[in-house]
Structures are given as structure tokens and as C-alpha cells.
Amino acid sequence: MLQVADILGESVVDGKGLRTVVFLQGCPHGCTGCHNPKLWPSKGGKDYTSGALAAAIIAKMSPIHRGVTFSGGDPLAQAEELLQVIKSLRKIKPELNVWVYTGYIFEEIKDYPVLQEINVLVDGPFILAKRDISLPFRGSGNQRIIDLPKTFAQGGLIQELSL
Ligand code: SF4
């Protein structure tokens, strides 16, 4: 069961293209200046099974949607459940583009199985001293936009170069 704070049908600021955004409840990082501290507690929002959440996401997507983004909170606080959701989504849309935001840095969580199913990981905590509103798709300069399939294929961290 997943704890879901909200599902936004349309966004163009949470990854490339038009995307559905799922805000998952719970975050252990406690960043100063966090944009969404009400999502820190692990309990809250609405409970979904992985299949029900996949169906709710698909219902919000149109033919021009580029993909889905999981934000929060920290989606990797529910990493096992998130893996099941993405697998359910890919049964319906095999080519679905998936972005995930996390407050962990890649090197801490690189062995999580769910990372094998994610296209792009935006990693690292929000650091107020490094806040930069000119950066696309992230809040502070320490955060990286990582192409996970290329990173795992090439054995070294590959960031999205076209941003
Ligand atoms: S990782 Fe994100 S949601 Fe969690 S405390 Fe930091 S800014 Fe807030």
C-alpha cells in the first residue's frame, strides 16, 4: 500500500514535457527551506494499492503526455511499493517515461531495485544556500538530473546533457 498526498494531472515543471505528477507522502530528509514540509510525516494522504495508483495515473494521462513524475516527500521512502507501481504502469504503457525526485544522493541508493525501472533521477537534498531558481527541474545547484539507463549501462554517472 502506498501513501499518496496528491496526483496532479498536468505539469511542465517537474520533468521534460507534459507530465502527470504523483506526490508521495513521507520524507526523512528535513531540508531547511523545504517546499513541502507537510509531506514529511510517513502517515497521511490517501492509501492506494500499486494497481489502483497505476490506474489513477493512467486515467489522468492524455496522448500528448510525455510521462509521469514521482515527487513528494521522497518517493524512495516507499521504494518497494514504487517499484510495483512502475511495473504496473509499464504493463499498460511499456515505453512510459518515468522521472523520480529524491533527497538521497545516487551513490547512497544506487542498489535499490526500483532504480532499474526509472528513466531520470533528480537526486540530493534541497540546500538553501545553493538555491537557484534559474535551474531547470531542480531547486538547488547540488541536485543532479541523472540518466539512469545510461548510467547503469556505462558504469559511470551520466547526467542529462540536454538541459
Ligand atoms: S527531500 Fe524534498 S521533500 Fe524532503 S525535506 Fe528535502 S526538499 Fe523537502
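Up top you'll find the structure we're talking about.
Since we're looking at a predicted model, the values are computed, not measured. The residue count restarts for each chain, going from 1 along the sequence in the order it is written. Under the rules for a predicted model, residues below a pLDDT of 70 receive no local features and side-chain atom pairs below 80 are neither given nor counted, while totals for whole chains, interfaces and linings still include all residues.

Peer 1: Where do I start with the site of the ligand in this structure?
Peer 2: Only the C-beta atom matters for this test: placed from the backbone, it must lie within 6 Å of a molecule or strand for the residue to be near it. Looking at the ligand, the residues that line it are Cys27, His29, Gly30, Cys31, Cys34, Asn36, Gly72, Gly73, Asp74, Gly103, Pro125 and Phe126. The residue classification treats Ala, Val, Leu, Ile, Met, Phe, Trp, Tyr, Cys and Pro as nonpolar and Asp, Glu, Lys and Arg as charged. All others, Gly included, are polar. Here the shell around the ligand is built from residues that sort into five nonpolar, six polar and one charged.

Peer 1: Even after reading the chapter, I still don't get helix α1 (residues 50–59), so can you show me in this structure?
Peer 2: An α-helical segment advances 3.6 residues per turn. Residues three or four places apart therefore align on the same side. Any residue whose C-beta has 12 or fewer other C-beta atoms within 10 Å is treated as exposed, any with 20 or more as buried, and any in between as partly exposed, C-beta atoms being built from the backbone. Each helix corresponds to a stretch of at least 4 residues labelled H or I by DSSP, and each strand to a stretch of at least 2 residues labelled E; elements are numbered beginning at the N terminus. All of the buried residues in α1 are Leu53, Ala54 and Ile57. One side of α1 carries all its buried residues, which in axial view fall inside an arc of 100°. Looking at the buried residues of α1, the elements they touch are β1 (2–11), β2 (19–24), β3 (46–48), β4 (67–72) and α2 (79–92). The reported arc concerns the directions from the helix axis to the C-beta atoms and nothing else. Remark: residues whose backbone-derived C-beta atoms lie within 7 Å of one another are considered to be in contact.

Peer 1: Quick question: what am I supposed to make of the sheet that holds β3 here?
Peer 2: Think of a sheet as strands paired side by side through backbone hydrogen bonds, with each pair either parallel or antiparallel. Pairing between two strands requires that DSSP report at least two bridges joining them. On the basis of which strands lie adjacent, the open sheet formed by seven strands has the order β3-β1-β2-β4-β5-β6-β7 and mixed pairing. The two strands at the open ends of the sheet, each matched to only one other strand, are β3 and β7 (144–147). Adjacent strand axes in the sheet meet at a mean angle of 30°, parallel and antiparallel pairs treated alike. Sheet topology note: the strand β5 (residues 97–101)/strand β6 (residues 120–123) ladder contains three bridges and is parallel. Pairing of Tyr101 across the sheet is with Val122, part of β6. Strands in contact with α1 are β1, β2, β3 and β4; relative to β1, the strand with the most contacts, it is inclined by about 15°. To get an axis, a line is fitted to the C-alpha atoms, and for a helix only the part in contact is used. The angle between two axes follows their N-to-C directions and goes from 0 to 180 degrees.

Peer 1: What is the right way to read the environment of Leu76 from this model?
Peer 2: In this fold, Leu76 is placed in the loop between β4 and α2. Taking the C-beta count within 10 Å as the criterion, Leu76 has 27 such neighbours and is therefore assigned buried. For the pair formed by Leu76 and Pro28, sequence separation is 48 residues and the distance between their alpha carbons is 10.0 Å. Here Leu76 is in contact with Thr102, Tyr104, Ile109 and Tyr112, once residues within four sequence places are set aside.

Peer 1: In this structure, what is going on with the nonpolar core? I would like to understand it.
Peer 2: Residues Val22, Ile118, Val120 and Leu121 are the most contacted members of the largest nonpolar core, which totals 34 residues. Taken together, the elements giving at least two residues each to this core come down to β1, β2, α1, β4, α2, β5, β6 and β7. For Leu121, the residues in contact, after removing those within four places along its chain, are Val100, Thr102, Phe106, Leu115, Ile146 and Leu148. Nonpolar core, as used here: buried Ala, Val, Leu, Ile, Met, Phe, Trp, Tyr and Cys residues forming one set through C-beta atoms within 7 Å.

Peer 1: Looking at this structure, how should I read the environment of Ser140?
Peer 2: Its place among the elements puts Ser140 in the loop between β6 and β7. Sequence-wise, Ser140 and Gly72 are 68 residues apart; in three dimensions their C-alpha atoms are separated by 16 Å. Discounting residues that sit within four places of it in the chain, Ser140 has contacts with Phe126, Ile127, Lys130, Arg131 and Asp132.

Peer 1: Looking at this model, I keep getting lost on the pairing of β4. Mind explaining?
Peer 2: Regular strands have side chains that alternate between both faces of the sheet. Along β4, six of the six residues are buried, which leaves the element largely enclosed by surrounding structure. Side chains Gly67, Thr69 and Ser71 of β4 all project onto a buried face; the interleaved residues Val68, Phe70 and Gly72 project onto the opposite face, where all are buried too. As judged from the six bridges shared by β2 and β4, these two strands associate in the parallel manner. In the sheet register, Val22 faces β4, and the bridge partner there is Phe70. Taken together, the four bridges between β4 and β5 define a ladder with parallel strand orientation. Across the sheet, Gly67 pairs through a bridge with Asn97, a residue of β5. For the segment spanning β4, α2 and β5, crossover handedness is right-handed. If you view a crossover with the strands going away from you and the path from the first strand over the helix to the second runs clockwise, you call it right-handed.

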